Amino acid sequence: MSIRAYAATASKGRLESFEYDAGPLPPEFVEVQVEHCGLCHSDLSMVNNDWGNARYPLVPGHEAIGRVVAVGPEAKRVKVGDRVGIGWYQSSCMACAECLSGNHNVCGKSSGLIVSGYGGFGERVRAHWVWATPIPDGVDTASAGPLLCGGITVFGPIAHFGIKPTDRVGVVGIGGLGHLALQFLNAWGCEVTAFTSSESKHEEAIRLGAHRAVVSTDAKALAKEAGKFDFILVTANVTLPWGAYLGALAPNGRLHFVGAVLEPVPVPAFALIGGQKSVSGSPLGSPATTSQMLEFCARHEIAPQVERFPMSKINDAFERLHSGKARYRIVLDADFD
């Protein structure tokens, strides 16, 4: 079968029309007719080969929403006609200790959709049935794509580390990840503080679920936060005054990274030892946690704030993303016909 898509043929190149032969459907895989696909900063990083693992021609797109149109003979749970979402992972080994314990997202043999295959900026996309997550009623499918990457990235650690409704939490960076984290943590019942370098985002942060906002570039303002937080979630991908954030943790507090900060983060041992503090990080969540997140979104009417483009205007959408002006995620609507 020939599938139409948009692909980059070289690093930092524009996306162009591209067709590929998908070959036979693997026995445990499903094929999905793409209706909508989110555009994530990771797509831009892959196109630019920022992480050194891109293979060209590269079809980006790892926040795909659509209808199942084919299932392999050994696929389970989903059937033709179901609406599902496919995120960063295309498959995992299903046999290691991590997969067997439900932690498929840290499988050492997991396969990234746009690293090992062709992504959702095309007519169809394929994944192992475990990674094709049914979209529940109450979740708007036209805007749900970013939940499959940005959403589960910030929801995962909230669920995994047992964040309590009584906790005081902070979110560093109010962008594609942070604007979802504010909504989740507010609905979780926490007291939520937004840390942002942009004063223009303060009112927006409050609207999204923060109870208060702090200017992260103000050293005096950060110093006043010392010892307050049980959990601080870093969604930014730039170097920040990490010592001040470690100091903002209460005893037993955790500074957790989901933003891909490229420079090393200095962590003095004594900054952790005295208050029994932790520093950690995580990738996207497991299939089970992704399903929990979508049900949570349906129950609390949580959705990404998106801007929409037809997929045929994909390069315009990439320019919008690169400019940093998107508020806060971009979704492409498939328009191949």
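Presented here is a report on the structure given in the accompanying data block.

Quick notes on the rules
Residues numbered from 1 in each chain as written. Predicted model: local features only at pLDDT ≥ 70, side-chain atom pairs only at ≥ 80, totals over all residues. Heavy atoms only, no water. Core = buried A, V, L, I, M, F, W, Y, C linked by side-chain atoms within 4.5 Å. Buried < 20%, exposed > 50% of the residue type's maximum accessible area, 1.4 Å probe, protein only. Contact = heavy atoms within 4.5 Å. 1 Å grid on protein atoms, 1.4 Å probe; cavity = no way out; pocket = protein on both sides within 12 Å on 5 of 7 lines; lining within 4 Å. Points joined across faces, edges and corners; volume = space filled by probe spheres on them. Helix = DSSP H or I, 4+ residues; strand = E, 2+ residues; numbered from the N terminus. Nonpolar A, V, L, I, M, F, W, Y, C, P; charged D, E, K, R; others polar. Pairing = 2+ DSSP bridges. Axes fitted to C-alpha atoms, helices over the stretch in contact; angles between N-to-C directions. Salt bridge = Lys/Arg side-chain N within 4 Å of Asp/Glu carboxyl O. Parallel < 35°, antiparallel > 145°, perpendicular 65-115°, else oblique.

**A few points about the nonpolar core**
So, point 1. With 85 residues, the main nonpolar core has F121, L147, L182 and F184 as its most contacted residues.
So, point 2. Those residues in contact with F184 that sit more than four places away from it in its chain are L147, G151, V154, F155, I158, M293, F296, C297 and I302.
So, point 3. Formed by 17 residues, the second largest nonpolar core is a distinct cluster that contains F229, I232, V234 and V261.

**Concerning the layout of surface pockets**
So, point 1. Roughly 1300 Å³ of volume is contained in the largest pocket.
So, point 2. Lining the largest pocket are 44 residues, with H41, L177, T235, A236 and N237 sitting closest to its centre.
So, point 3. When residues of the lining of the largest pocket are traced back to their parent elements, those giving at least two are α1 (41–47), β11 (191–196) and α11 (314–323).
So, point 4. Here the lining of the largest pocket takes four residues from α1, the largest share from any one element.
So, point 5. The class makeup of the residues in the lining of the largest pocket is 21 nonpolar, 18 polar and five charged.
So, point 6. What the second largest pocket holds in volume is close to 260 Å³.
So, point 7. The wall of the second largest pocket is formed by 15 residues, among which N103, N105, G156, H160 and S282 lie closest to the centre.
So, point 8. For the lining of the second largest pocket, the element with the most residues is helix α4 (residues 150–160), which contributes four residues.

**A short note on the sheet that holds strand β15 (residues 278–281)**
So, point 1. Strand order in the open sheet formed by six strands is β12-β11-β10-β13-β14-β15, with parallel pairing between adjacent strands. Because the sheet does not close on itself, it has two edges, and the strands there are β12 (212–215) and β15. Taking each pair of neighbouring strands and ignoring which way they run, the sheet shows an average axis angle of 20°.
So, point 2. Where β11 meets β12, four bridges bridge the pair, whose relative direction is parallel. If you follow T193 over to β12, its bridge partner there is R212.

**Looking at the pattern of salt bridges**
So, point 1. In total, this model carries 14 salt bridges according to the counting rule given.
So, point 2. A salt bridge links E123 to R4, with the shortest nitrogen-to-oxygen separation between them at 2.6 Å. Of the two residues, E123 sits in the loop between α3 (113–116) and β8 (124–128) while R4 sits in strand β1 (residues 2–8), which places them 119 residues apart along the sequence.
So, point 3. Between R126 and E31 there is a salt bridge, with its nearest N and O atoms 2.5 Å apart. One end of the pair, R126, is in strand β8; the other, E31, is in strand β3 (residues 29–39), and 95 residues separate them in sequence.
So, point 4. Of the residues examined, E31 reaches a relative accessible area of 3% and is grouped as buried.
So, point 5. Residues joined in a network through salt bridges with shared partners are R4, E123 and D337.

**Concerning the packing of helix α5 (residues 178–188) against helix α10 (residues 287–300)**
Relative orientation and spacing of two packed helices are given, respectively, by the angle between their axes and the distance between those axes.
So, point 1. Close contact between α5 and α10 brings their axes to 11 Å; oriented N to C, the two are set at 75°. By the angle class used here, α5 and α10 are roughly perpendicular. Across the interface between the two elements, F184, A187 and W188 from α5 touch M293, F296, C297 and H300 from α10.
So, point 2. Residue classes in the contact of α5 with α10 are distributed as six nonpolar, one polar and no charged.

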